[in-house]
Amino acid sequence: MTCKLLIEHGNKTEYFEMKKGDSIADTLSQTAYALNLNCGAKGRCGKCRVLITKGAPSANNTDLRFLSTKEIEKGYRIGCRCYPLSDVTVSCDDPVQLNVTQNITSECGLPVSGLDVNTSATKSDSKNSEGDMGTCIAIDVGSTTLAFQAINGNECLPPLVRQNSGIKYGGDVLSRIEQAKSGKAELIKEIMLNDLAGGIHELANIICEYPSKIVLSGNTTMMHLLMGYDTAGLGEYPFTAVDLDYKDTTDLKDALLSATTGPKARNNMKDTRFDLNLHSASETRVFITPGISAYVGGDIVSGLLSLDFDKNEKTCVLIDLGTNAEMAIGNKDKIVVASAAAGPTFEGGNLKCGMPSIPGAICGADAETHEIAPNNATKDSTDDKSVCINRNINLQGYNKNFELKLRTISGTDPKGICGTGAIEILAELIKAGIIDKTGALREEYTERGFPIAEGIVFTAKDIRELQVAKSAIRSGLEILIKEYGCSYAEVEKVYLAGGFGYSLSPQKACAIGLLPPAWEEKIIAAGNTSLKGAAIICKDETAKERIQKIISLTTECELALHADFGEEFMENMGFVLS
């Protein structure tokens, strides 16, 4: 038995046939309207909600768990657990629910004007720059985004950022590994190849030249999926990788060229100003940056390269805050790395009103509290409070007037909370005494959550998710410092990598205990260090030698096996009140 799924998107409508046993999320995953499946379609995150305007089936237990009564009455359902038995109509006009591709460079830690590949050896020793080798393309293969950079000599084009469509199979690497084990490995690989080929083709059309060299840098899971390696060992102890070596790979080159130049690809490419020279393309060399372990991959190696860890006399720290927060400490003599399982919270996952860093996401918050006379105190209303950007929300349920000012990406009306917004809201609520040192909300907000904006609340569960993530990272840093054998004061610089680190407020990260307060003045937003490192590899003929040195200097500290991790984790769960 089959039924029809009608998709309404703006003035456009499309029909798709649903197979028996398929969920709405299953059907949409084969279309341009794929949902965000942060938990890998396990029904655990509630992020894949869809608005069914006609034919909505009765709400099930998953719907009741994640959706309010008003949302259910309106027609919202959780897509990965919605199995219609008759025709349904779905509205796909909500950017929060969709796997929307955004070309947002500033929010991804990338300068709009392009990267400076002259930040490392290419600056001090120009003979290392292969200026005559033609155009190169550096690519950071992230779990959620793909970043492309074209370099011609020492001239860089503005970076191109696209979403990794593989997110439809899970928002974190463990979900992606589970999906690969369930038989979807080839599908995930094909999706990634098409995404990469699309970005390469787009840059080739801009520069009217096919690259002579492509360098890919990414975490170990993404590289394994892309190469078609078995990922089973990455998801279970003792967490072993199939291959971590530096590669000049013909197989991947052929797959990318096929995806880029094949008839299907060419028909799907919108921009065909440049007729690709297939002979020139066949001369392209494709390289993959080597990794260190199952959870410290080539993206971190590239980051260490871009920050000159192999040349620094002083001790520095690199932190890439993501689902698996990778961290490194060291200098030219010694480097220690570790990976902490932070979960998807800092990417908006696991939060009731969480969302990715797209327009409408609350990305920052500032608050002020004012004493008010006791006889003027009023009970906080149970109605949702609404707030527009640059306006205040007043909550007077105790003896203070709490004014909260929100910032959203692109300045649009708030639709949810992304990772940086969650940290800033948490910091402000702790400062105001609305959250205590154990992480508990004031009693009047315990059940329904603290109202942030219209339809957006910050719940006790959200706080606990953030506590767990921040404690995992802070505990990892504490152990890393001990293993390296230095003090906070001996660390000269602390680099935060990636889009999350680029937007994170150092003051508020330290205020909630995510990072040591002693480092507040040392924190530097380093941007996409993985892409910067890949760009250096493109143009610096000594980069391979430098990478090998970095790897030889590096030892890994397995936090889960460390005797002090459990104690550190419990100690770092609480908050220090100012």
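In this convention, every chain numbers its residues from 1, walking through the sequence in written order. For a predicted model such as this one, the threshold for reporting local features is a pLDDT of at least 70, and the threshold for listing and counting side-chain atom pairs is 80 or more; totals across whole chains, interfaces and linings nevertheless cover every residue. Only hydrogens and water are set aside; all other atoms, that is, all heavy atoms of the structure, feed into the side-chain values.

Caption draft 1: Structural view of the nonpolar core. Judged by nonpolar contacts, the single largest core of 67 residues is most densely connected at Phe458 and Leu514. A per-element tally of this core places helix 12 (residues 460-484) first, with ten residues. In this structure, Ile191, Leu193, Ile200 and Ala204 belong to the second largest nonpolar core, which totals 37 residues. Here, nonpolar core means buried Ala, Val, Leu, Ile, Met, Phe, Trp, Tyr and Cys residues that are tied together by side-chain atoms lying within 4.5 Å of each other. Only protein chains enter the calculation, and the probe is 1.4 Å; a residue is then buried if its accessible area is under 20% of its type maximum, exposed if over 50%, and partly exposed in between. Secondary structure elements are taken from DSSP: a helix is a run of H or I of four residues or more, a strand is a run of E of two residues or more, and numbering for both begins at the N terminus.

Caption draft 2: Representation of the pairing of strand 2 (residues 12-18) within the structure. With seven bridges joining them, strand 1 (residues 3-9) and strand 2 adopt antiparallel strand pairing. From the neighbouring strand, Leu6 faces strand 2, where its bridge partner is Tyr15. Should DSSP find at least two bridges between two strands, the strands are taken to pair. The loop that links strand 1 with its antiparallel partner strand 2 comprises two residues; one of these, Gly10, has a positive phi angle of about 65°.

Caption draft 3: How the structure looks around the sheet that holds strand 5 (residues 88-91). The mixed open sheet is built from five strands, whose spatial order is 2-1-5-3-4. The open sheet has two edge strands, strand 2 and strand 4 (76-78), and neither has a second partner. Averaged over all pairs of adjacent strands, the angle between strand axes in this sheet comes to 35°, irrespective of strand direction. Convention adopted: a line fitted to C-alpha atoms gives each axis, helices being fitted over their contacting stretch, and angles between N-to-C directions are expressed from 0 to 180 degrees.

Caption draft 4: Spatial organisation of a nonpolar patch on the surface. Exposure above 30% relative accessible area and the absence of a salt bridge qualify a residue for a patch, where like charges join within 9 Å and nonpolar side chains (Val, Leu, Ile, Met, Phe, Trp, Tyr) within 5 Å. Only the protein chains shown count as cover for residues, and the accessible areas themselves come from Shrake-Rupley with a 1.4 Å probe. The salt bridge criterion pairs a side-chain nitrogen of Lys or Arg with a carboxyl oxygen of Asp or Glu, the two atoms within 4 Å. Among the surface-exposed residues, Tyr237, Phe239 and Leu561 lie close enough to one another that they form a single nonpolar patch of about 330 Å² accessible area. Mapped onto the fold, Leu561 is located in the loop between strand 24 (554-556) and helix 17 (565-571).

Caption draft 5: Geometry of the packing of aromatic side chains. Between the rings of Phe, Tyr and Trp (Trp by its six-membered ring), a pair exists once the centres lie within 6.5 Å; its type follows the angle of the planes, with under 30 degrees stacked, over 60 edge-to-face, and the other angles tilted. Within this structure, the stated rule accounts for seven aromatic pairs. For the pair Phe239 and Tyr295, a centre-to-centre distance of 5.8 Å together with 75° between the ring planes defines the contact as edge-to-face. Note that Phe239 is positioned in the loop between helix 6 (220-227) and strand 11 (247-248) and Tyr295 in the loop between strand 12 (285-288) and helix 10 (298-306), a separation of 56 residues in sequence. Judged by relative accessible area, Phe239 falls into the partly exposed class, the value being 35%.

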